[in-house]
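The lines below spell out each chain.
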Amino acid sequence: MAKSAKHSKKPEIGDLRDWLKATKALGELQIVKGADWNLEIGGISQINYRRRPNKAQLFDEIKGYPRGYRLLTASMGSTRRMAMTFRLPSGLSDQGLVKELRGKPLKWETESVKFPPHVVKSGAILEEVYRGADVNILKFPTPIWHEKDGGRYIGTGCAVITRDPDSDWVNSGAYRVMVLDEKRVTVNIESGKHGRLHLEKWWAREGRCPIAICLGMDPLLFAMAGLEIPTGIGEYNYAGAIMGRPVDVVRGPATGLPIPAGAEIVLEGWLYPDKQHKEGPYGEWTGYYSGGQRTAPLMEVETLLHRHDPILLGAPPGKPPCDYSYMRTVLKSSMIHDALVKAGVAEIRGVWAHECGGGRMLIVVSLKQRFCGHSRQAAAIAAQCQAASYMNRYVIVVDEDIDPTNLEEVMWAVCTRTDPATDIEVMKKTWGSKVDPMRREPGPTFNSRALIDACRPFDWINEFPAVAEASPEFVRKLLDKWGHLFAE
Ligand SMILES: Cc1cc2nc3c(=O)[nH]c(=O)nc-3n(C[C@H](O)[C@H](O)[C@H](O)COP(=O)(O)O)c2cc1C
């Protein structure tokens, strides 16, 4: 992929501003002027997420804020923007994008050692630096995204940077950040996440943990921060492997942590075990306020860095489709497809981790059946492979004539090729989550999942009724002759 970027003479994307130029060139950038940070930006973004394909929306002249203090949403809400962000060829379909991505995570992982971040002396992020009494994070047009949110969330499409105190491993995770006042935020890092691991080690050793929060950058770095990259591998390295060149970073003036040289806004400071604050409620990726209000570590901002006319990168979760559900769907679909192939499941024709399930809860696999039990094998592995195991709820397996991305077709197969009494298996005590709306406090975080075998029964597949529709060959011929009827 690095090669294709190199040879295709496309301008190289180094930061969010290059990315915006490339999006404009695709005709997928919409400038929105005069919206209110208080609910309007969130609401307009929600309406945008629900049109297909949507546009990247760059909000400017936000009510009460100077022109140039901007905010971007829906960065990766279309196939073309996803492909561009991942430095892939243009002109791909949804499934084409998944196909293009297949095998890549393994390759990036292997190559990541070759791409440690490159430390440079200066960068645009150092254009404006504020310390101590001069720090004011209220200068940014942070939205209240949804009506029932407990506060203004500045960190949504963000990257929280921490370093392992025992090694060179620098982690970057998308953990939400809520504004408390001019100088304080909360940082919500769930247990088990890499950032949390670092936090706990630092707390045990030094009583505080240095962090840098990057709030606007090349969306590739946000995608990396929101993706479960293996323990010990830095997201900068991974992004470097995708781009075919290292990410340029500068040292944060307060913490020394590496921050993207072309970032838009960065907050630096320390988290302490005994400094916590109420956080939330905030809409979750499941589409509910299922996390409630809890406490999260509080950060007093030591240093605020930003470019002139900074751009916040927004990516609020919520009822799907949300800001980043398409990104998760595409990435998870390719990872699950790879996992099935790696596990030896034959004849997989497509995988789609639907956005309505947040890219996790509903997975459809299509395959060409070759033997009795083939479809159940695929279902069980799809439900439990590492990429899908957390918070999956339904796996549907369909024959190769069904497009897994098309829910109408998938449900037609469910309606016509299943016998509920024998074609639905249930797995119990599987890996659930605190944010599962079906979990009641203080219950354990198990869930259950159904595997729906919506393939024609293999033992009498040759007797199964033929589909009543014009054959694809005949449709092609008709379109050659009659295509003008359907041109508009
Ligand atoms: C927009 C967005 C918001 C997220 N918010 C949180 C969050 O508040 N807390 C959290 O623990 N994980 C959150 N996640 C999930 C993590 O970013 C994801 O699990 C990632 O892999 C974490 O990085 P790590 O694997 O290096 O810990 C969010 C993901 C995205 C895309």
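What counts and how
- Residues numbered from 1 in each chain as written.
- Predicted model: local features only at pLDDT ≥ 70, side-chain atom pairs only at ≥ 80, totals over all residues.
- Heavy atoms only, no water.
- 1 Å grid on protein atoms, 1.4 Å probe; cavity = no way out; pocket = protein on both sides within 12 Å on 5 of 7 lines; lining within 4 Å.
- Points joined across faces, edges and corners; volume = space filled by probe spheres on them.
- Helix = DSSP H or I, 4+ residues; strand = E, 2+ residues; numbered from the N terminus.
- Buried < 20%, exposed > 50% of the residue type's maximum accessible area, 1.4 Å probe, protein only.
- Core = buried A, V, L, I, M, F, W, Y, C linked by side-chain atoms within 4.5 Å.
- Contact = heavy atoms within 4.5 Å.
- Polar contact = N/O pair within 3.5 Å; in protein donor to acceptor, adjacent residues only side chain to side chain.
- Domains from an automatic or database assignment.
- Buried area = accessible area lost by both parts, 1.4 Å probe.
- Phe/Tyr/Trp six-rings, centres within 6.5 Å; stacked < 30°, edge-to-face > 60°.
- Lys NZ or Arg CZ within 6 Å of the ring centre and 35° of its normal.
- Patch = residues over 30% accessible without salt bridge, like charges linked within 9 Å, V, L, I, M, F, W, Y side chains within 5 Å.
- Areas by Shrake-Rupley, 256 points an atom, 1.4 Å probe, with all protein chains shown as cover.
- Salt bridge = Lys/Arg side-chain N within 4 Å of Asp/Glu carboxyl O.

Draft legend 1. Looking closely at empty space enclosed by the protein. Counting across every chain of the model gives three cavities of 30 Å³ or more. What the largest cavity holds in volume is close to 40 Å³. Lining of the largest cavity is provided by L101, P105, W108, L227, Y238, L331, S334 and M335. Listed by contribution, the elements that provide at least two residues to the lining of the largest cavity are α6 (104–111) and α10 (325–342).

Draft legend 2. Here's a closer look at unusual backbone geometry. Here the amide bond leading from R52 into P53 is cis, since omega sits at -10°, within 30 degrees of zero. Mapped onto the elements of the fold, P53 is located in the loop between α3 (40–49) and β2 (56–60). Look at the link from P320 to P321: it is a cis peptide, with omega at 0°. Mapped onto the fold, P321 is located in the loop between β16 (311–313) and α10. Notably, D309 is not glycine yet its phi reads approximately 45°, a positive angle. Take D309: it is sitting in the loop between β15 (294–306) and β16. The backbone of M391 shows a phi angle near 65°, a positive value even though the residue is not glycine. With respect to the helices, strands and loops of the structure, M391 is situated in the loop between α12 (386–389) and β19 (394–399). The buried category is assigned to M391, whose relative accessible area is 1%.

Draft legend 3. Molecular detail of the nonpolar core. Of all hydrophobic cores here, the largest spans 85 residues; its most connected members are L72, M82, F86, M224 and I336. Here this core gets seven residues from one element, more than from any other, and that element is α10. Filtering out sequence-adjacent residues up to four positions away, M82 remains in contact with M76, L97, Y326, M327, V330 and L331. The next biggest cluster of nonpolar side chains, apart from the first, holds 39 residues, and it includes V135, F140, Y153 and V177.

Draft legend 4. Spatial organisation of the side chain of S45. Within the element layout of this structure, S45 appears in helix α3. On the basis of relative accessibility, which here comes to 0%, the residue S45 falls in the buried class. Engagement of the side chain of S45 in a polar contact is seen with the backbone oxygen of I41, the distance being 2.8 Å. Discounting chain neighbours no more than four positions away, the residues touching S45 are Q57, F59, T73 and W145.

Draft legend 5. Focus on the domain arrangement of the protein. Here the domain parsing of the protein yields domain 1 (2–9 + 93–313) and domain 2 (325–472). Measuring from the centre of the C-alpha atoms in domain 1 to the corresponding centre in domain 2 gives 33 Å. Each partner contributes to the interface: domain 1 provides 21 residues, whereas domain 2 provides 29 residues. Approximately 2,100 Å² of surface area, both sides summed, lies buried where domain 1 meets domain 2, with 65% of it carried by carbon and sulfur atoms.

Draft legend 6. Representation of the packing of aromatic side chains in the model. Within the structure shown, the criterion is met by six aromatic pairs. Grouping aromatic residues by their ring pairs yields a cluster made of F86, W108 and Y238. Directly above the ring of Y272 sits K275, whose terminal nitrogen or CZ lies 4.4 Å from the centroid. Positioned above the aromatic ring of W285 is the side chain of R360, whose terminal nitrogen or guanidinium carbon lies 5.3 Å from the ring centre.

Draft legend 7. Expanded view of a nonpolar patch on the surface. Residues F474, V475, L478, L479, W482, L485 and F486 make up a contiguous nonpolar surface patch of roughly 680 Å² in combined accessible area. Position of V475 relative to the elements: it lies in helix α15 (residues 472–482).

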